[in-house]
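# A look at the structure
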Amino acid sequence: MNKSTANIKLIKEGEFDAEVVQSSLPVVVDFYATWCGPCKILSPRLDELAGPLTKKNQIRQNQRGRGSSVGTTPGDSRFADAGLFQEGQGSG
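Residues numbered from 1 in each chain as written. Predicted model: local features only at pLDDT ≥ 70, side-chain atom pairs only at ≥ 80, totals over all residues. Heavy atoms only, no water.

### With respect to the pairing of strand β3 (residues 58-63)
With respect to burial, β3 is a largely interior element, six of its six residues being buried. Alternating residues of β3 divide into Q58, R60 and N62 and I59, Q61 and Q63, and every residue in both groups is buried. Sheet topology places strand β2 (residues 27-32) next to β3; six bridges connect them, and they run parallel. By the bridge assignment, D30 is partnered in β3 with Q61. (Buried < 20%, exposed > 50% of the residue type's maximum accessible area, 1.4 Å probe, protein only. Helix = DSSP H or I, 4+ residues; strand = E, 2+ residues; numbered from the N terminus. Pairing = 2+ DSSP bridges.)

### Some thoughts on the sheet that holds β2
Read from one edge of the open sheet, five strands run β1-β3-β2-β4-β5, paired in mixed fashion. Among the strands making up the open sheet, the edge pair consists of β1 (9-10) and β5 (89-91). Helix α2 (residues 37-53) rests against β2 and β3 of the sheet, and its axis sits at about 155° to β2. (Contact = heavy atoms within 4.5 Å. Axes fitted to C-alpha atoms, helices over the stretch in contact; angles between N-to-C directions.)

### Section: the confidence of the model for the protein chain
Considering every residue of the protein chain, the mean pLDDT works out to 77; 76% of them sit at 70 or more. Looking across the protein chain, the model is least confident in β5, with a mean pLDDT of 78, and most confident in helix α1 (residues 16-21), with 90. (pLDDT = per-residue confidence, 0-100.)

### Looking at the environment of Q89
Looking at the secondary structure, you find Q89 in strand β5. You can call Q89 exposed: its relative accessible area is 57%.

### Structural notes on α2
Between its first and last C-alpha atoms α2 spans 25 Å; for 17 residues at 1.5 Å apiece the expected length is 24 Å, and the two agree. All of the buried residues in α2 are C39, S43, L46 and A50. On its buried side, α2 packs onto β2 and β3. (Expected span 1.5 Å × (residues − 1).)

### Quick look at the packing of aromatic side chains
Enumeration according to the criterion identifies three aromatic pairs in this entry. Judged by centre distance (5.6 Å) and plane angle (85°), the rings of F16 and F85 are edge-to-face. Here the residue F16 occupies a position in helix α1, and F85 occupies one in strand β4 (residues 81-86), the gap between them amounting to 69 residues. No difference in accessibility class separates F16 from F85, as the two residues are buried. A centroid spacing of 6.4 Å and a plane angle of 65° characterise the contact between F31 and F85, whose relative ring orientation is edge-to-face. Taken together, the positions of F31 in strand β2 and F85 in strand β4 put the pair 54 residues apart, joining distant regions of the chain. Judged by relative accessible area, which is 0%, F31 ranks as buried. An aromatic cluster is present here, built from F16, F31 and F85 joined pairwise through their rings. (Phe/Tyr/Trp six-rings, centres within 6.5 Å; stacked < 30°, edge-to-face > 60°.)

Structural data, given as structure tokens:
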């Protein structure tokens, strides 16, 4: 996935702090890459799950591999990953 959907917002590096770190709701972030096979499987599943969860959680996506330097991902920011952020803190 490389675009926002009705349930998931694609965020850019400059939006990470406002959309994730400062969110009052828990946020699941899918750090994906267009070349990543598992990401292509996970993204539609996250979109399906996001609908019922949007009142209590947020789901965001951030694309890897285009010079992104968001360093607060629970894993290594150079690779595709997913993580839960609550009160600005990531947990893997």
